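Coordinate analysis (summary)
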Amino acid sequence: MDALLRTYEGRRVADNAGTGKDLVNEPMIRHWCEAMGDTNPAYAGPDAIAPPTMLQAWTMGGLSGHADRSGAYDELSALLDGAGFTSVVATDCEQEYLRPLRPGDRITYDSVIESVSPRKTTKLGTGHFVTTRMDILANGELAGAHRFRILKYAPAAAPRPKEPAPNPSESKPPGPRRPRPVINRDNAGFWDAVAEHRLLIQRCGGCGTLRFPWLPGCGACGSAEWDTVEAAGEGTVYSYVVMHHPPFPAFDPPYAVGLIELAEGVRMVSNVVGVPYDEVRIGMPVRLEFLRADEELELPVFRPVEAPEEPEEPEELDELEELQAQESLGGPEARRNREALAEGVS
């Protein structure tokens, strides 16, 4: 197997040398520097050069990608898949810079499968490291090289969890827990408020636009300033799906997942509880409540709002019952009606 894999070393990743979709240019350099916070004066002005770490950016295919990958790379991937190495993870990349790139440079590049390692065992599993090398030229002159390495592997068997010692005070073992939300500096305030049974919506400090989920900047005006408003908790089901498959621990399918439009105008994804999954409907009014998923996790969910019960119309009284009711109130009119009814009966 190792000998067969080595036959792919040196073969081209693409059938033909590629050409960058854009010349090296000042707008892309400026955008890169702004995104990276790099204020090096070498990257601005009439004699500007491109940051060396942009080397790969000039070769990228954008959303349309590159359609000229060679059969050799696909053959190698299929060979490894067939041997059971069906999982893949990118491990690292290396860049080598030979000369600076300047606005106006025309970029061309050529990629080869540089090496396929012998079988290796890692914590992820057993497999082979595949390294591709891209030589990058500016106006036909070698400007740098980019090496990209992946591991094609068969996942290692997960270790069996240790069984906890039985606790006689527990009536049953705890069930699986829901996945934990990813909490970071951009959304920590949201989860802190949920723990206090409050649902906070971000409001842009520049244009006042409300947004959800929480983001570091406004999509409408770009401002990074914001504060929050507390949601009233009223909303409607804007759309929904019913989850049947695949099953996940801590969830009992089928169950409804709704896209809830809050009264404030933003939408959020949440569970719809308190109603059978097949009775959830678009436009259904719902109200916020908080679900204690386990000892650590509180979640905002939505329950349908029950329609108010219509008051029952009083039954019509027959003539005798009406007269008896009047009599119970006393008065001359009640007595006259009673006497007239008696004469009619006789």
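Refer to the preceding data block for the structure.
Every value quoted in this text rests on a predicted model; they were computed, and no experiment measured them.

Parameters at a glance
- The residue numbering used here restarts from 1 in each chain and proceeds along that chain's sequence as written.
- Predicted model: local features are reported for residues with pLDDT of at least 70 only, side-chain atom pairs are reported and counted for 80 or more only, and whole-chain, interface and lining totals are derived from all residues.
- In computing side-chain properties, one takes all heavy atoms of the structure into account and sets aside hydrogens as well as water.
- To qualify as a helix, a DSSP run of H or I must reach at least 4 residues; to qualify as a strand, a run of E must reach at least 2; elements of each kind are numbered from the N terminus.
- In this analysis, two residues are considered to be in contact whenever any of their non-hydrogen atoms come within 4.5 Å of each other.
- In short, Shrake-Rupley with a 1.4 Å probe defines the accessible areas, and a residue's cover is counted only from the protein chains shown.
- For this analysis, a polar contact is any N or O atom pair within 3.5 Å, provided that within protein one partner can donate a hydrogen and the other can accept it, and provided that sequence-adjacent residues contribute only side-chain to side-chain pairs.
- DSSP-based pairing: two strands are paired if at least 2 bridges between them are found.
- Working convention: axes come from line fits to C-alpha atoms, limited for helices to the stretch in contact. Angles between N-to-C directions cover 0 to 180 degrees.
- Only rings of Phe, Tyr and Trp enter the pairing, Trp through its six-membered ring, and a pair is recorded when the two centres are within 6.5 Å. The plane angle decides the type: under 30 degrees is stacked, over 60 is edge-to-face, the rest tilted.
- Categorising residues by exposure relies on relative accessible area from a 1.4 Å probe, with only protein chains included: less than 20% of the type maximum marks a residue as buried, more than 50% marks it as exposed, and the intermediate range marks it as partly exposed.
- Along the arc lie the directions from the helix axis toward the C-beta atoms.
- Nine residue types can take part in a nonpolar core, namely buried Ala, Val, Leu, Ile, Met, Phe, Trp, Tyr and Cys, and a core is a set of them joined through side-chain atoms within 4.5 Å.

1. What to know about the overall build of the chain
Within the chain, the secondary structure is distributed over six helices and 14 strands. A fraction of 62% describes how many contacts in the chain between residues 6 or more apart in sequence connect residues 24 or more apart. Accessible area for the chain stands at about 22,400 Å²; split by element, carbon and sulfur atoms hold 54% of it.

2. Concerning the side chain of His 146
Here His 146 is to be found in strand 6 (residues 141-155). Reaching out from His 146, the side chain makes a polar contact with the side chain of Gln 95 at a distance of 3.1 Å. Those residues in contact with His 146 that lie beyond four places of it in its chain are Gln 56, Cys 93, Glu 94, Gln 95, Thr 132, Arg 133, Met 134 and Ile 136.

3. Quick word on the sheet that holds strand 10 (residues 234-243)
Each strand in a sheet pairs with its neighbour through backbone hydrogen bonds, running either in the same direction (parallel) or in the opposite one (antiparallel). With antiparallel pairing, five strands are arranged side by side in an open sheet as 12-11-10-13-14. Each having just a single partner strand, strand 12 (267-271) and strand 14 (298-304) make up the two edges of the open sheet. The average undirected angle you get between the axes of adjacent strands in this sheet is 40°. Pairing of strand 10 with strand 13 (residues 285-292), which is carried by three bridges, proceeds in the antiparallel orientation. Following the sheet pairing, Thr 236 is matched in strand 13 by Pro 285.

4. Description of the environment of Ser 117
You can see Ser 117 is positioned in the loop between strand 3 (107-116) and strand 4 (120-121). When the C-alpha atoms of Ser 117 and Val 130 are compared, they prove to be 6.6 Å apart, with 13 residues separating the residues in sequence. In contact with Ser 117, other than residues within four places in its own chain, are His 128 and Phe 129.

5. Structural notes on the packing of aromatic side chains
Using the criterion set out here, one finds five aromatic pairs in the structure. Ring plane angle 80° and centroid distance 5.1 Å describe the contact between Phe 190 and Trp 191, whose orientation is recorded as edge-to-face. Accessibility classification places Phe 190 together with Trp 191 in one group, the buried group.

6. Quick notes on helix 4 (residues 188-195)
Residues that lie three or four places apart on an α-helix share one face, since the helix turns once every 3.6 residues. Among all positions of helix 4, only Phe 190, Trp 191, Ala 193 and Val 194 are buried. Along the axis of helix 4, the buried positions cluster into a sector of 155°, meaning they face one direction only. In helix 4, the exposed positions that point more than 90 degrees away from the buried face belong to Asp 192 and Ala 195. Elements that come into contact with the buried residues of helix 4 comprise strand 7 (200-204), strand 13 and strand 14. Just downstream of helix 4 lies His 197, where phi reads positive at about 60°.

7. Section: helix 2 (residues 26-36)
With a side-chain oxygen lying 2.9 Å from the backbone nitrogen of Met 28, the N-terminal cap of helix 2 falls on Asn 25. Remark: Gly 37 follows helix 2 within two positions and exhibits a positive phi of approximately 70°.

8. Some details on the pairing of strand 14
Of all the seven residues making up strand 14, six are buried; the element is thus mostly covered by neighbouring parts of the structure. By the bridge criterion, seven bridges tie strand 13 to strand 14 in an arrangement that is antiparallel. Of the residues in strand 14, the one forming a bridge with Phe 290 is Pro 300. Counting the residues that bridge the hairpin from strand 13 to strand 14 gives five residues.

9. Some thoughts on the nonpolar core
Judged by nonpolar contacts, the single largest core of 26 residues is most densely connected at Leu 199, Ile 260, Leu 262 and Phe 302. For this core, the secondary-structure elements that each account for two or more residues are helix 4, strand 7, strand 11 (255-262), strand 13 and strand 14. It is helix 4 that contributes the most residues to this core, four residues altogether. Sequence-distant contacts of Leu 199, defined by excluding residues within four places in its chain, comprise Phe 190, Val 229, Glu 230, Ala 231, Leu 262, Met 268, Leu 288, Phe 290, Pro 300 and Phe 302.

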